[in-house]
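# Commentary on secondary and tertiary structure
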Amino acid sequence: MRKHAIALTAATLMSVTAALAEYPEKPVSFVVPWPPGDLEDVLTRLIADKFQEMYGVPAAVVNKPGGGGGPFPGAVEVATAPADGYTIGSFVTDVPIGGPQIGIPELSPNPFEPIGIFMTYPFVIAAGADAPYDSWEELAAYAKDNDIALGHFGAPLPPTQITFAAAKTSGFDFASDAAFDELNCNTLASGDVDVINTTLQLVQPCLGDIKVLASIGKERTALTPVVPTVQEINPELSVSLWNGLFVHKDVPEEARLKISAAAREALKSPQALDLIGQTGVLIYWQDPVQSAQQIEADAAVLGKISELLEQ
C-alpha cells in the first residue's frame, strides 16, 4: 500500500509539472486597445518580446483601437477570448473601472483581474502655440467669455472626466468636445479643437511649439517640470492614469505567474529604462494585490468626479 501511495504521489507530481510546462505552447497575443506608437504600446511590445524570448513561443501585440470611443472593443475581445492565458489585455485605468459603469455587457461585472500595473502616463492638457492663454488659470478666465472646444479619447474615460471636472471647479465648461483615436501635434495644428488632453508622448515632437497648461497625475512630469498638475489645481481630482496587464478572472495561476515574470524582466531592460528619461513616464511593478488596491482607490475618486459632473 505504501509503495502504491508513493507511486500515486509521484504520478501526481509529474502530472502537475507537466501541466505547468504546457503553458505556453502556442502563440500569445497582448491586446493594446489603442493605435500603435504610444507608451503603453511601446512597453507592451517589450514585454511581448521578453515573453517570446523566455518561453520560446511567438508573442505579438495586437492593436485594436476603439474608433474614438475608448479602449472597449479591445477589452471586449480579451473578455470573450478563452480564459487560457493566450489573450492578455494591456489596459488603462478606465477598462476595469469604466467598462462596468457604462454598461458594456461583456465588461459588466468586471471580468478581469490584474497581473500587474507597470506604468503611469505623463498625461497633459495642451493648446496650440497661438492660443490667447498660457496657463490653466488664463484658459479658465478666457473660457468664461469664449467658446473652447476640447479633444479627448472618449468622454467616459478618466482623463476626460478629470478635465471636465477641473473645468467645472474652475468656473467654466467646454463649449464642445469630440473624441479622437489619436491626439497629437497635427490635431492642434489643424485647428480641429482648441485644447486636447493626451499623453505627453504623442505631443513630444512639438513640445516646444505648443502650450502645456496642466498635467494629469499626482506628480509633475519630468519634461514639463514647471507645469502644475490638475491635482495641484484641485486636490480632490487625484487619480493615477496607469496601464497594466489584465487577464480574464478564470485564467490559471501558472499562466499568470509566467506572464508576470516576463513583464518584470522586460521592465528592467535598458530600452524600458531609457524611456523614463526620454518621455517622463513612470515605470514600476505593482503586484496583483497592490494593483487591486490602486483600482479600488481610483474608482472611489472617479465616482466622486462623476457625481460632481452630474450636479
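It should be noted that the structure appears before, not after, this text.
Rules and cut-offs
Residues numbered from 1 in each chain as written. Predicted model: local features only at pLDDT ≥ 70, side-chain atom pairs only at ≥ 80, totals over all residues. Heavy atoms only, no water. Buried < 20%, exposed > 50% of the residue type's maximum accessible area, 1.4 Å probe, protein only. Helix = DSSP H or I, 4+ residues; strand = E, 2+ residues; numbered from the N terminus. Arc of directions from axis to C-beta. Contact = heavy atoms within 4.5 Å. Pairing = 2+ DSSP bridges. Axes fitted to C-alpha atoms, helices over the stretch in contact; angles between N-to-C directions. 1 Å grid on protein atoms, 1.4 Å probe; cavity = no way out; pocket = protein on both sides within 12 Å on 5 of 7 lines; lining within 4 Å. Points joined across faces, edges and corners; volume = space filled by probe spheres on them. Nonpolar A, V, L, I, M, F, W, Y, C, P; charged D, E, K, R; others polar.

## Here we look at helix α5 (residues 136-143)
- Regarding α5, the residues found buried are Trp 136, Leu 139, Ala 140 and Ala 143. The arc that holds every buried residue of α5, seen down its axis, measures 100°, which confines them to one face.
- Contacts from the buried residues of α5 go to β5 (123-128), α6 (158-169), β8 (195-199), β9 (210-216) and α9 (230-233).

## Some thoughts on the sheet that holds β8
- The strand order β7-β6-β8-β5-β9 describes an open sheet built from five strands, whose pairing is mixed. Since the sheet does not close on itself, it has two edges, and those belong to β7 (176-179) and β9, each with one partner. Going across the sheet, the axis of each strand differs from the next one's by a mean of 25°, ignoring polarity.
- Alignment of β5 against β8, held across five bridges, turns out to be antiparallel. When the sheet's bridge partners are listed, Ala 127 is paired in β8 with Val 195.

## Some details on empty space enclosed by the protein
- Going through the model one piece at a time under the given rule, you end up with one cavity of 30 Å³ or more.
- Roughly 210 Å³ of internal volume is contained in the largest cavity.
- Together, 20 residues line the largest cavity, and Trp 34, Tyr 121, Phe 123, Phe 153 and Thr 199 are the ones closest to its centre.
- For the lining of the largest cavity, the residue count by class is 13 nonpolar, two polar and five charged.

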